[in-house]
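Residue strings, one per chain:
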Amino acid sequence: MIQLDLTEGNIKKLFLKYLLPSISATLVTSIYILVDTIIIGKGIGEQAVAALNIILPLFNLFFGIGLLFGVGGSVLFSVSKGEGNVEKGNHYFSYSLFSMIATVLVTMGICFFAYEPLIRFLGSSEATEPYIQTYAPYIIFGAPVFACSAFFQAFVRNDADPNRSMVAVISGGVMNIIMDLLLVFGFHMGMAGAAIASVIGVTLTCLILVSHFFSPKNTLKLSLHGKPLSILYKIIITGFPSFLIEIAGGIVILCFNVQLLKYSSVNGITAYSIISNTAIIVTSLSNGVSQAAQPILATNYGAGKFKRVAKTFRFTIITAGIISSLFFVISCFIPDLFIYIYINPTEEVLSLARTALRIYGIGFLLSAVNTIICNYFQATLEQYYSLLVCLLRSLILTLLFIYTLPVFLGINGIWMTVPIVEILTLLIACLLLKKCHAKRTD
């Protein structure tokens with residue numbers, strides 16, 4: 001068995017070794033939502049796509065729970081390994097696992113108990129409710145596997161088995177596509193078929209990830225020793241930025257939907273569904289790049305090798321910049337490429353979506369860099385910096401501008417929200433990076 005030496009090996013080779021598996025792993029959310037959107041848009045219709053966009057916050061919630069405990073625990077696991085304390089790392093794994101299971105089961109119960117108020121809160125309307133009613137229950141039922149997928153991806157990757165994460169996600173994605181085509185087009189099961197396909201796909205992903213525990217590479221063991229409250233506190237503090245990014249995405253989608261119904265119509269939500277699905281891909285790719293670096297950053301930080309930390313960070317920024325630039329160019333100059341992937345638009349939706357993508361696309365250029373900086377702070381245990389950047393970008397500034405800009409600029413103010421937020425966030429994040437670098441060179 002070849003072990004990856006994260007503290008001595010060539011950083012570029014290590015980063016590239018993790019890059020494709022990590023990007024494939026983080027694309028899990030995109031694959032399920034993207035495939036569902038395309039199948040639903042082409043096979044059912046525009047209003048069904050709008051209904052899917054209303055349900056997206058539930059995906060964010062369930063994946064967010066997995067990320068909270070998965071990323072939080074796996075970062076501390078890697079830092080502990082860098083310090084040479086494998087037993088301590090397994091304490092983090094064990095408490096993360098049981099806390100994640102308990103949290104997702106409670107959340108699932110609440111969703112079923114308060115189902116009707118929940119879908120009304122998410123923005124269900126007379127036009128979209130029939131589609132939501134046949135889609136949402138299956139997604140809530142699948143909550144445990146959605147959370148477990150995000151959780152095990154983080155730990156399997158940080159336990160030096162990134163290729164398994166890649167195989168798991170690709171296999172689940174292919175299964176999802178096959179089942180979508182079979183259930184929606186073959187058996188004409190509509191929204192229910194799309195939801196069931198997603199649950200089946202992510203279940204396969206989880207099964208492949210769990211097989212890591214039977215492989216010779218596995219160093220993860222159950223060990224419920226130590227001080228539970230102290231360990232759980234560290235896990236939550238470390239993982240909270242990842243949870244916040246995911247859950248805030250759902251909150252932002254909810255607020256956009258509400259504002260678009262106010263300043264436009266269901267067509268506005270349909271146009272936004274194209275943007276939100278594209279944004280999910282950008283975010284997933286950005287997270288994949290940052291998570292490729294995460295084990296290298298965390299392990300070297302734990303070993304006190306700060307020059308290797310800085311060099312790894314540079315690779316992530318360059319890579320993220322290349323990816324985000326591609327989406328920026330497509331959104332601004334050939335937006336129809338994204339639009340026709342998802343739906344066969346009416347003229348009104350086409351006009352709305354073109355304008356929206358050209359304005360919103362500026363945000364794609366900067367969002368990847370901000371994601372990288374946030375995850376860099378997280379991997380180097382600068383949790384409060386990471387939390388500050390996430391709060392500003394994902395909630396505070398976004399909610400401020402989404403409710404003020406449209407008052408003066410109408411619907412274009414909604415599309416301008418994200419670009420303005422990303423610019424302001426980047427300026428603040430750069431100041432924090434400078435402060436962090438000065439602290440380590442003193």
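Up top is the structure these notes are about.
On a predicted model such as this, the values are computed, not experimentally measured, just so you know. (Residues numbered from 1 in each chain as written. Predicted model: local features only at pLDDT ≥ 70, side-chain atom pairs only at ≥ 80, totals over all residues. Heavy atoms only, no water.)

Topic: the overall build of the chain
Scanning the chain from terminus to terminus reveals 17 helices and 0 strands. Against the 2.2 N^0.38 benchmark of 22 Å for 442 residues, the chain shows a C-alpha radius of gyration of 21 Å, consistent with a compact globule. Expressed along its principal axes, the backbone C-alpha trace of the chain runs to roughly 60 × 45 × 35 Å. Counting across all 442 residues of the chain, residues that qualify as buried make up 60%. The contacts of the chain with a sequence gap of at least 6 include a subset with a gap of at least 24, amounting to 82%. (Helix = DSSP H or I, 4+ residues; strand = E, 2+ residues; numbered from the N terminus. Rg over C-alpha atoms; globule rule 2.2 N^0.38 Å. Buried < 20%, exposed > 50% of the residue type's maximum accessible area, 1.4 Å probe, protein only. Contact = heavy atoms within 4.5 Å.)

Topic: helix α8 (residues 143–158)
When the terminal C-alpha atoms of α8 are compared, their 23 Å separation across 16 residues agrees well with the 22 Å that a helix rising 1.5 Å per residue should span. Extensive coverage of α8 is indicated by the burial of 14 of its 16 residues. Of the residues flanking the end of α8, it is A160, one or two places downstream, whose phi is positive at about 60°. (Expected span 1.5 Å × (residues − 1).)

Topic: the environment of T205
Relative to the assigned elements, T205 resides in helix α10 (residues 190–210). Classification of T205 as buried rests on a relative accessible area of 0%. Once the C-alpha coordinates of T205 and K434 are considered, the two residues, 229 residues apart in sequence, prove to be 40 Å apart.

Here's the deal with the pattern of salt bridges
Under the criterion given, the structure shown has 6 salt bridges. Salt-bridge contacts for K81 lead to D159; the nearest nitrogen and oxygen are separated by 3.6 Å. In this pair, K81 is assigned in helix α3 (residues 46–82) and D159 in the loop between α8 and α9 (162–186), connecting sequence segments 78 residues apart. Given a relative accessible area of 31%, K81 falls into the partly exposed group. E83 is the salt-bridge partner of K88, the closest N and O atoms lying 3.9 Å from each other. (Salt bridge = Lys/Arg side-chain N within 4 Å of Asp/Glu carboxyl O.)

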